[in-house]
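Residues per chain are reported as follows:
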Amino acid sequence: MMMIFAIIKGLWTTFIHLFRKPITVQYPKETIPPSPRSRGRHRLRLDKNGLELCIGCELCAGVCPSKCIYIEAEENDPNDRKSEGERYAKVYRIDMYRCIFCGYCVEACPTDALILSANYDLTVDSRRKFVWNKEDLVDPPETRTDIEGYYIGWK
Amino acid sequence: MLQSIFNDTFLYLAFIAVKVGVTISGVMFSLFFVMWFERKLIGHFQVRLGPMRVGPHGILQPIADGIKVFLKEDLIPANAHKFLFILSPFIALFTAIIPFAVIPFGPQIGSWFGKPISIFGHPINWYITDINIGILYAFAVSSLTVYALVLAGWSSNSKYSLLGGLRSAAQMISYELSMGLAVVGVVMLSQSLSLVKMVEAQSQFPFIIMQPIGFIIYLIAAVAETNRAPFDLPEAESELVAGYGTEYSSMKFAMFYIAEYTNIVTVSALATTMFLGGWIGPSWLPPIVWFSIKMMVFLFLYVWLRATLPRFRYDQLMQFGWKVLLPIAIGNIFITGFVIAIINK
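Computed from a predicted model, the values in this text were never measured in an experiment.

The rules behind the values
- Residues numbered from 1 in each chain as written.
- Chains lettered and ligands numbered in written order.
- Predicted model: local features only at pLDDT ≥ 70, side-chain atom pairs only at ≥ 80, totals over all residues.
- Heavy atoms only, no water.
- Helix = DSSP H or I, 4+ residues; strand = E, 2+ residues; numbered from the N terminus.
- Buried < 20%, exposed > 50% of the residue type's maximum accessible area, 1.4 Å probe, protein only.
- Polar contact = N/O pair within 3.5 Å; in protein donor to acceptor, adjacent residues only side chain to side chain.
- Contact = heavy atoms within 4.5 Å.
- 1 Å grid on protein atoms, 1.4 Å probe; cavity = no way out; pocket = protein on both sides within 12 Å on 5 of 7 lines; lining within 4 Å.
- Points joined across faces, edges and corners; volume = space filled by probe spheres on them.
- pLDDT = per-residue confidence, 0-100.
- Buried area = accessible area lost by both parts, 1.4 Å probe.
- Salt bridge = Lys/Arg side-chain N within 4 Å of Asp/Glu carboxyl O.
- Nonpolar A, V, L, I, M, F, W, Y, C, P; charged D, E, K, R; others polar.
- Axes fitted to C-alpha atoms, helices over the stretch in contact; angles between N-to-C directions.
- Parallel < 35°, antiparallel > 145°, perpendicular 65-115°, else oblique.
- Left-handed = near helix turned anticlockwise from the far one by under 90°.

## Focus on the side chain of B:Ser268
Residues and elements named next belong to chain B. Among the structural elements, Ser268 can be located in helix H10 (residues 250-274). With relative accessibility at 0%, the residue Ser268 sits in the buried group. Here Ile264 takes part through its backbone oxygen, which lies 2.6 Å from a polar atom of the side chain of Ser268. Excluding anything up to four places from it in sequence, Ser268 contacts Met295, Phe298 and Leu299.

Here's what the structure looks like:
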């Protein structure tokens, strides 16, 4: 007998839920903006003069627990500077397949060159496209010095 | 003379064939809507949206699913009984469709907004045939579905399939009794086994008012008969993978799927005919529209139950069927007979 009341109560509950607004987000069409500090894809920043902030110290590569960062550093040519410091990263490569988005690389970075942006849209149509070189990582010019709110580690 | 008989017979047969074709294609077409309706409704019950991408609000989703399942690889297990394995989906679909031969979708003299319609001087009746044991035929034929499920379970040569088939056999036989007995009350009230006569007997008010207990028993037994939640033990995914359908793939699986939904439409149509007054309704809508609306109400109940109730345990299922539903159904017959006897005196 108690079962019948329980069933009617359950039916009433589901009936009310039928008229609630669905909570579904139609993802590619509509998105919920993530927190700016969330750890999305990597960005390599440039300074005000368009020079790379990265000085090729390889601290990020050293601290990376999944060993996904590969750097070849080179001395700066004084006539054609790539960065402020003595050296710059000739090759800066991140294997996004191995990256676990822990953010240690960003914390280790002494010049705040590397940041994690809030962009989590990491979809590609080929496996090869997930190995990112410097040209994939350097910020577009319009956001080159803005680190307001980005994840730059606990500094 | 002979010529005219031949002509008449030929015309008659052609007429029947066309009607059968129209009914089957109509039912198949309505299945697409039923599948979409269920998915959409269950989505909103769970505060989701349901299918949204294929067509406006996902209305073409069942067609996309159909194309997908048609293009899938058709697999027959190595140790399966090949003949029965292939035969059983056909039995399932066949037994699911043929009850529609007796279901009246509208009155004998067809009308559309009050105007009678006819072809070659023949008035159109909104049913294929009106045999005087219509309800008996419908139940007899739809209970053959159990053969399909048992044969599918056995011929697959897989433990999950076999258990699913056995469960469905036990469940369908148990609940068929209650289902049949729930209908006896309606038969007593309408004094006929013909479905058309039953609807005509409800011209004043539907039988659900006089037979509420019968309707509830029929509803529960119908859900159990069609192996739907909360009685979906034969295909309980948590313990039996997919029950009798485990080894099936591609179009054979789709045929079981279509058969399941056709059975749902069948029992909804029978419930509409017997309890909800069939095509009868105010004349500002055509009879077939009233029939569809009433069927939709029953289908809504179906989805509502699925969205609410968890699956029964096997012993609960048997206990409920034999110790609760069957005595109530028999009691209902006694009370109905008693009341009819008093009124007629």
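## A closer look at the layout of surface pockets
All names here are of chain B. Of the pockets and cavities examined, the largest pocket occupies roughly 1200 Å³. Lining the largest pocket are 36 residues, and of these Glu235, Phe253, Tyr257, Glu260 and Tyr261 lie nearest its centre. With 9 residues, the single largest contributor to the lining of the largest pocket is H10.

## So, the confidence of the model for chain A
Of the residues in chain A, 88% reach a pLDDT of 70 or more, and the chain-wide mean stands at 81. The secondary-structure element of chain A with the lowest mean pLDDT is helix H4 (residues 134-137) of chain A, recorded at 82, while helix H2 (residues 59-63) of chain A shows the highest, at 89.

## Considerations on the interface of chain B and chain A
Contacts between the two partners involve 15 residues from chain B, matched on the other side by 17 residues from chain A. For the chain B and chain A pair, buried surface summed over both sides reaches about 1400 Å², with 73% attributable to carbon and sulfur atoms. Ranking the residues of chain B by area buried against chain A places B:Val47, B:Arg53 and B:Trp304 at the top, with a combined share of 38%. For the pair chain B and chain A, the number of links is 0 salt bridges. For the pair chain B and chain A, the number of links is 5 residue pairs in polar contact (both at pLDDT 80 or more). When contributions to the side of chain B that touches chain A are tallied by element, the ones reaching two or more residues are helix H1 (2-45) and helix H11 (287-308) of chain B. Ranked by the residues each element gives to the side of chain B that touches chain A, the list is headed by H11(B), at 5 residues. Across the side of chain B that touches chain A, the residue classes tally to 11 nonpolar, 2 polar and 2 charged.

## What to know about the packing of helix H8 (residues 212-225) of chain B against H11(B)
Angle between the axes and distance between the axes: these two values describe a pair of packed helices. All names here are of chain B. At a closest axis distance of 11 Å, the pairing of H8 and H11 adopts a crossing angle of 60°. The angle between H8 and H11 falls in the class oblique. Remark: the crossing between H8 and H11 carries right-handed chirality. Contacts from Phe215, Tyr218, Leu219, Ala222 and Val223 in H8 reach Phe298, Leu301, Tyr302 and Leu305 in H11.

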